[in-house]
Amino acid sequence: MQKITIAIDGYSSCGKSTLAKALAQRLNYSYVDTGAMYRSVTLYAIRNNIIDKDHNLDEAKLIASLDNIELNFIFDSHHKTSETYLNGENVERFIRTMEVSNNVSKVSSIKQVREKMISLQRLMGKKKGVVMDGRDIGTNVFPKAELKLFMTADTDVRAQRRHDELSSKGQYFTLEEVKHNLLERDYADSHRKENPLTQAEDAIVLDNTDISKEEQLEFVLKLIEDTYLAPEKHKHL
Ligand code: DC
């Protein structure tokens, strides 16, 4: 069965990684969460005082430190997904905090940071059989990806989902604070100079405001089956 590249882009907190993980599991593909890569670089910058408490970022220092940042994804058989490692440390529970969310757009707008992440992403997806989610996967990282999805959902619905996710991890913020962060990131991610978030012309738009995760997954699996797998099946009939 031929393996394809699946690129999932879209706004913050509209379920990209949930869908990407589920697709990777069902198709036995690898999954790359590119947001986790930019979040890990941001965590490194916070921990090393490259970003101060007032959110000032020392861009030159971060660029000079890029060679000291090693990122890996290691498959965790218990959680059945790959987890993010920064210089050998599993940082999954540190990279999804509001502190990181409040600083990540600034870090991800730096050209040299993006160049390093993009070359890693291309390397990880070289053999196909990969689901990668982010902001510029279908437009820039893998412009020839066989399947491109562009995800969106109503802002209030996204804010509520993110608020619930943070609360479940013991991070308590008001719905307004969470919504403010989402809107700020969406604006910054869509308006930056380097690889801004835009919808690829050949992307399929998925608005999941009113559909469940399961319905969405089945829809995409059917799409893949009909478009890529069915022709293979018919060949053997
Ligand atoms: O997907 P996420 O919310 O975890 O991503 C965090 C941030 O990283 C997002 O606000 C913008 C940035 N990002 C990016 O610039 N390009 C990507 N391919 C993925 C994420």
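Going by the structure above, here's the rest.
The following paragraphs examine the structure supplied in this document.

As summarised here, the arrangement of the three strands in space is β3-β4-β5, forming an open sheet in which the pairing is antiparallel. Each having just a single partner strand, β3 (71–76) and β5 (89–90) make up the two edges of the open sheet. Pairing analysis gives six bridges linking β3 to strand β4 (residues 81–86), with the strands arranged antiparallel. Looking at the pairing, L71 lines up with L86 of β4. Sitting on the sheet, helix α2 (residues 34–47) is in contact with β3, β4 and β5, with an inclination near 30 degrees to β4.

Glancing now at helix α9 (residues 175–191). In a regular helix each residue adds 1.5 Å, so 17 residues correspond to 24 Å; α9 covers 24 Å between its end C-alpha atoms and thus fits that length. All of the buried residues along α9 are V178, N181, L182, R185, D186 and D189. Within α9, the buried residues cover an arc of 130 degrees as seen down the axis, which keeps them to one side. Along α9, exposed side chains directed more than 90 degrees from the buried face belong to E176, Y187 and H191. Tucked into the core, α9 has its buried residues touching α2, α4 (98–101), α5 (104–108) and α8 (155–168).

For the rest of this paragraph, the subject is helix α6 (residues 111–124). The end-to-end C-alpha distance of α6, which contains 14 residues, comes to 20 Å, matching closely the 20 Å that a straight helix rising 1.5 Å per residue would cover. Among the residues making up α6, those that are buried are V113, R114, M117, I118 and Q121. End-on view of α6: buried residues confined to an arc of 120 degrees, all on one side of the axis. On the buried face of α6, the contacting elements are α2, α3 (59–65), β3, α5, β6 (130–134) and α7 (137–141).

Attention shifts here to the environment of V141. Among the secondary structure elements, V141 is positioned in helix α7. For the pair V141 and C14, spaced 127 residues apart in sequence, the C-alpha to C-alpha distance is 20 Å. What V141 contacts, discounting residues up to four positions off in sequence, is I118, Q121, R122, M132 and D136.

Conventions and cut-offs
- Residues numbered from 1 in each chain as written.
- Predicted model: local features only at pLDDT ≥ 70, side-chain atom pairs only at ≥ 80, totals over all residues.
- Heavy atoms only, no water.
- Pairing = 2+ DSSP bridges.
- Helix = DSSP H or I, 4+ residues; strand = E, 2+ residues; numbered from the N terminus.
- Contact = heavy atoms within 4.5 Å.
- Axes fitted to C-alpha atoms, helices over the stretch in contact; angles between N-to-C directions.
- Expected span 1.5 Å × (residues − 1).
- Buried < 20%, exposed > 50% of the residue type's maximum accessible area, 1.4 Å probe, protein only.
- Arc of directions from axis to C-beta.

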